[in-house]
Amino acid sequence: MALIGVAGAGKTYTALSIAQHLGEKIAVIDTERGSASKYSDQFDFDVLEIETYSPKTYIEAMEAAEEAGYDVLVIDSLSHAWVGKDGALEQVDKAARRTQSGNNFGAWRDVTPQHNAMVDAMISSKMHIIGTMRAKTEYVQEKDPKSGRTTIRKVGMAPIQRDGLEYEFDVVADLDADNNFIVGKTRCPQLSGAVVNRAGREVARTLKNWLTDGAQVDAPRAEPRAEAPKPQPKAAKPAPAPAPVEAEDDFEADDVDAVHCDCGIPAKYVRGKSGAGWVCGHVGTEEPTCGFRMKEAPIEVADDPFAEEAPEPKVHLNGAHG
């Protein structure tokens, strides 16, 4: 996250206020000569005050904070890496003075990779990073429509850093003189166009929900080597339904005198204590049955003589045992 504002807009305070709700261990790189320490009674953090602002110094500080296990790093401020002592612009000026022509074009060949490395260190870090940047200050005259009085107001312009650096961040917000957190660019849809006064817990909670949304994706596994297919047990299949009869020629010789149900297939003969007879041959299959019934006189038996021969499950029709 980048926080951009003029002096007095509350960049340091806002960064610490958001940071305390993003993680437990907070580190601060302080380039403002101890300004962050003035808030040590309100926030719990560790601070590193640096006195030289080379991009390499920022990289070393970020690496040290990550190795120490900090969750959030506040860089206050990133503007010094551009215009401060040993910053990018000062390094270019020194290199240009060492040449006879005084041309600084060649000096950028050495300085630009350092600055790019600092940006890459921020992007690839596992910590949450909140960087503050000073805004170029401009004064404007405004006339109060009610009183008619003219007042002078200080406004912030572009950040003091390399052009386009703000696009490297997930969230870029401007801070005005009234401590309003005004989101100008964000990859978090919930913060798009947000304006929050004295930002802190609410912004941090929105960011945490956004960053932790979704499911973890497992690493792709190597494709297994092709092996011969193993035989799989076959599931029991229901007995196929008898094929419908289209003509008398389709029957075997022994089936000529067979009883047929209304749907044209051989009927099934069922027996039991309460009687015996023929029913639709589709009974017990998945095919629809017709209403065919042909009963015989009841047979008196002590036990069911067909109990051992009956398939499972048994079919019970009109009280008869199948």
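Just so we're clear, the structure is a prediction, and the values are computed from it rather than from any experiment.

Caption draft 1: Molecular detail of unusual backbone geometry. In this model, aspartate 76 is joined to serine 77 through a cis peptide bond whose omega is 10 degrees. Structurally, serine 77 can be placed in the loop between β4 (72–76) and α3 (80–83). Backbone geometry places arginine 33, a non-glycine residue, at a positive phi of 55 degrees. Looking at where arginine 33 falls in the secondary structure, it is placed in the loop between β2 (26–30) and β3 (46–49).

Caption draft 2: Just the packing of helix α1 (residues 11–22) against helix α6 (residues 201–211), in detail. Where α1 contacts α6, the axes come no closer than 8 Å and their chain directions differ by 45 degrees. It follows from the interaxial angle that α1 and α6 lie oblique. In the packing of α1 onto α6, the handedness of the crossing is right-handed. Along the contact surface, α1 presents Ile18, His21 and Leu22, while α6 presents Arg201, Val203, Ala204, Leu207 and Lys208. Split by residue class, the contact of α1 with α6 holds five nonpolar, one polar and two charged.

Caption draft 3: Geometry of the packing of aromatic side chains. Taken as a whole, this structure holds three aromatic pairs when the rule is applied. Measuring from ring centre to ring centre gives 5.3 Å for tyrosine 13 and phenylalanine 43, while their planes differ by 70 degrees; the resulting arrangement is edge-to-face. Placement of the pair is tyrosine 13 in helix α1 and phenylalanine 43 in the loop between β2 and β3, with a sequence separation of 30 residues. By relative accessible area, phenylalanine 43 is classed as buried at 8%. An aromatic cluster of three or more residues is present, and its members are Tyr13, Tyr39 and Phe43. Lysine 25 extends its terminal NZ or CZ atom over the ring of tyrosine 70, reaching a point 4.9 Å from the ring centre.

Caption draft 4: Representation of helix α4 (residues 88–98) within the structure. Within α4, the full set of buried residues consists of Ala88, Gln91, Val92, Ala95 and Ala96. Taken down its axis, α4 places every buried residue within 135 degrees of arc, on the same side. At its buried positions, α4 is contacted by α2 (55–67), α3 and α5 (108–124).

Caption draft 5: Main features of the environment of tryptophan 210. Here tryptophan 210 shows up in helix α6. Taking C-alpha positions, tryptophan 210 is 6.7 Å from cysteine 188, a pair spaced 22 residues apart along the chain. If near-sequence neighbours (up to four positions away) are discounted, tryptophan 210 is found in contact with Asp170, Arg187, Cys188, Pro189 and Gln190.

Criteria and cut-off values
Residues numbered from 1 in each chain as written. Predicted model: local features only at pLDDT ≥ 70, side-chain atom pairs only at ≥ 80, totals over all residues. Heavy atoms only, no water. Helix = DSSP H or I, 4+ residues; strand = E, 2+ residues; numbered from the N terminus. Axes fitted to C-alpha atoms, helices over the stretch in contact; angles between N-to-C directions. Parallel < 35°, antiparallel > 145°, perpendicular 65-115°, else oblique. Left-handed = near helix turned anticlockwise from the far one by under 90°. Contact = heavy atoms within 4.5 Å. Nonpolar A, V, L, I, M, F, W, Y, C, P; charged D, E, K, R; others polar. Phe/Tyr/Trp six-rings, centres within 6.5 Å; stacked < 30°, edge-to-face > 60°. Buried < 20%, exposed > 50% of the residue type's maximum accessible area, 1.4 Å probe, protein only. Lys NZ or Arg CZ within 6 Å of the ring centre and 35° of its normal. Arc of directions from axis to C-beta.

Any link to function would need more than the numbers given here.
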